[in-house]
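Fold and geometry: a report
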Amino acid sequence: MNKSDLLRYKNLLLSKRQELSTGKSLVDSIPTAGEPRGDPVDMAASETDAAMQIRLQQTDGKLLRAIEDALMRMQHEKYGICEECGQPISQVRLEAVPWTRRCRDCKERQDSRS
Ligand SMILES: [Zn+2]
């Protein structure tokens, strides 16, 4: 993998990380005081939203860790190498899932095991 490819994946990771962390801060910045409260229907709807938001954040948290991990591997020049078989991960796969740690073969093997 050459430097410009690496830079491209790094940018993909960084923008995804940005996307995830801005999503979080948006939730934090929702005003809690001074807002007129809606009728019970609105309240019920916002409870559902909150529950969904929590689920989303759990998934995002996992993804965020995977992204941090990938950036770390870049620093150690291990990025794009399958941690299972040590073979380079295909660029097509990295393009789609830049935070992946396994090549497609190993991923499929793992999926069929579980
Ligand atoms: Zn592999």
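Cut-offs and rules
- Residues numbered from 1 in each chain as written.
- Predicted model: local features only at pLDDT ≥ 70, side-chain atom pairs only at ≥ 80, totals over all residues.
- Heavy atoms only, no water.
- Helix = DSSP H or I, 4+ residues; strand = E, 2+ residues; numbered from the N terminus.
- Buried < 20%, exposed > 50% of the residue type's maximum accessible area, 1.4 Å probe, protein only.
- Phe/Tyr/Trp six-rings, centres within 6.5 Å; stacked < 30°, edge-to-face > 60°.
- Lys NZ or Arg CZ within 6 Å of the ring centre and 35° of its normal.
- Donors = N, O, S within 2.8 Å, 3.2 Å for Na, K, Ca; no water.
- Tetrahedral: all angles 85-135°; square planar, octahedral: opposite > 155°, others 65-115°.
- Core = buried A, V, L, I, M, F, W, Y, C linked by side-chain atoms within 4.5 Å.
- Contact = heavy atoms within 4.5 Å.
- Salt bridge = Lys/Arg side-chain N within 4 Å of Asp/Glu carboxyl O.
- pLDDT = per-residue confidence, 0-100.

Positive phi is not limited to glycine here, since Glu77 has a value of about 55 degrees. One can find Glu77 in the loop between helix H2 (40–75) and helix H3 (91–96). Judged by relative accessible area, Glu77 falls into the exposed class, the value being 71%.

Applying the stated criterion to the full structure yields one aromatic pair. Here Tyr9 and Tyr79 contribute two aromatic rings whose centre-to-centre distance is 6.0 Å and whose plane-to-plane angle is 45 degrees, an arrangement assigned as tilted. With Tyr9 in helix H1 (residues 3–28) and Tyr79 in the loop between H2 and H3, this residue pair connects regions lying 70 residues apart in the sequence. Take Tyr79: its relative accessible area is 6%, and that puts it in the buried class. Geometry around Tyr9 places Arg8 over its ring, the cationic atom sitting 5.3 Å from the centre.

For the rest of this paragraph, the subject is the coordination of the zinc ion. Around the zinc ion, the protein supplies Cys82 (SG), Cys85 (SG), Cys103 (SG) and Cys106 (SG) as donor atoms, at distances of 2.3 Å. Bound by four donor atoms, the zinc ion shows angles of 105 to 114 degrees at the metal and therefore tetrahedral coordination geometry. Summarised as a motif, the one-chain spacing of the donors to the zinc ion is C-x2-C-x17-C-x2-C. Just as Cys103 is buried, Cys106 falls in that class too.

All right, on to the nonpolar core then. Grouped together as the largest cluster of nonpolar side chains are 16 residues, with contacts concentrated most on Leu13, Ile67, Met74, Tyr79 and Trp99. Put simply, the parts of the chain that give this core at least two residues each are H1 and H2. For this core, the leading source of residues is H2, giving six residues. Leave out the neighbours within four places in its chain, and Leu13 touches Ile67, Ala70, Leu71, Met74, Tyr79, Pro98 and Trp99.

Enumeration according to the criterion identifies 11 salt bridges in this entry. Across the salt bridge formed by Arg8 and Asp5, the nearest N and O atoms sit 3.1 Å from each other. Of this pair, Arg8 and Asp5 both sit in helix H1, three residues apart, which is roughly one turn of that helix. For Arg8, a relative accessible area of 35% puts it in the partly exposed group. Put simply, Asp111 and Lys107 hold a salt bridge, and the shortest N to O gap is 2.9 Å. On the criterion of helical spacing, the pair formed by Asp111 and Lys107 is a turn pair, its members being four residues apart in helix H4 (residues 104–113). Residue Asp111 is classed as partly exposed on the basis of its relative accessible area, which comes to 41%. Given the relative accessible area of 30%, Lys107 is considered partly exposed.

What follows concerns the confidence of the model for the protein chain. Taken residue by residue, the protein chain gives an average pLDDT of 83. The fraction at 70 or more is 77%. Of all helices and strands in the protein chain, the one with the weakest mean pLDDT is H2 (81), whereas H3 scores best (94).

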